[in-house]
Amino acid sequence: MPESKKREAHKHPHVDYIPHKKKKGSAKMVTVIFCAFLSLAIAWFAAGTSPLWLLVGIVLGAGFGYFLGSQIDKSLNK
């Protein structure tokens, strides 16, 4: 049956049939904890029980762990 040229075409809603994977977790938290613990151990062996250097070690290790975890997440989501 011919369609009228004056009527607009019937629009169908788009249905996405491809199931998308849901993000389960993040590597950031694991790497922050691991790197903070590792840097705490390094600071303890290097400087002894000085609280200032232990705190500096934890902060630097946590910062590095956050950066490393975000890079891991970025590479896994490609």
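This text goes with the structure placed above it.
These numbers were taken from a predicted model, which means no experiment stands behind them.

A. Representation of the overall build of the protein within the structure. A tally of regular secondary structure across the protein gives two helices and zero strands. Taking 78 residues into account, the globule formula puts the C-alpha radius of gyration at 12 Å, and the protein, at 26 Å, lies well above it. Summarising its shape, the C-alpha atoms of the protein cover approximately 90 × 20 × 15 Å along the three principal directions. Burial statistics for the protein: of 78 residues in total, 18% are counted as buried. Contacts spanning at least 24 positions in sequence make up 66% of the contacts within the protein whose residues lie at least 6 apart. Per element, the accessible surface of the protein, about 7500 Å² overall, is 69% carbon and sulfur.

B. Spatial organisation of the environment of Ser75. In this fold, Ser75 is placed in helix α2 (residues 51–76). Look at Ser75 and you get partly exposed, because its relative accessible area is 44%. It is 43 Å that separates the C-alpha atoms of Ser75 and Ala9, two residues lying 66 residues apart in sequence.

C. Region of the structure containing the environment of Thr31. Along the chain, the position of Thr31 falls in helix α1 (residues 28–47). For the pair Thr31 and Phe64, spaced 33 residues apart in the sequence, the C-alpha separation amounts to 8.5 Å. Other than its neighbours up to four places away in sequence, Thr31 contacts Gly65, Leu68, Gly69 and Ile72. A polar contact is formed between the side chain of Thr31 and the backbone nitrogen of Gly69, at a distance of 3.4 Å.

D. Up close: a nonpolar patch on the surface. A cluster of nonpolar side chains, Phe64, Phe67, Leu68, Ile72 and Leu76, forms an exposed patch at the surface whose accessible area comes to about 490 Å². For Leu68, a relative accessible area of 32% translates into the label partly exposed.

E. Highlighting the packing of aromatic side chains. For the structure shown, the criterion picks out one aromatic pair. Here Trp44 and Phe45 contribute two aromatic rings whose centre-to-centre distance is 5.1 Å and whose plane-to-plane angle is 55°, an arrangement assigned as tilted. A relative accessible area of 44% means that Trp44 is categorised as partly exposed.

F. Structural context of α2. Taking 1.5 Å per residue, 26 residues should reach 38 Å; α2 reaches 37 Å between its end C-alpha atoms and fits that length. Listed in full, the buried residues belonging to α2 are Leu54, Gly57, Gly61, Gly65, Gly69, Ser70 and Asp73. Those residues of α2 that are buried lie in contact with α1.

What counts, and at which threshold
- Residues numbered from 1 in each chain as written.
- Predicted model: local features only at pLDDT ≥ 70, side-chain atom pairs only at ≥ 80, totals over all residues.
- Heavy atoms only, no water.
- Helix = DSSP H or I, 4+ residues; strand = E, 2+ residues; numbered from the N terminus.
- Rg over C-alpha atoms; globule rule 2.2 N^0.38 Å.
- Buried < 20%, exposed > 50% of the residue type's maximum accessible area, 1.4 Å probe, protein only.
- Contact = heavy atoms within 4.5 Å.
- Areas by Shrake-Rupley, 256 points an atom, 1.4 Å probe, with all protein chains shown as cover.
- Polar contact = N/O pair within 3.5 Å; in protein donor to acceptor, adjacent residues only side chain to side chain.
- Patch = residues over 30% accessible without salt bridge, like charges linked within 9 Å, V, L, I, M, F, W, Y side chains within 5 Å.
- Salt bridge = Lys/Arg side-chain N within 4 Å of Asp/Glu carboxyl O.
- Phe/Tyr/Trp six-rings, centres within 6.5 Å; stacked < 30°, edge-to-face > 60°.
- Expected span 1.5 Å × (residues − 1).

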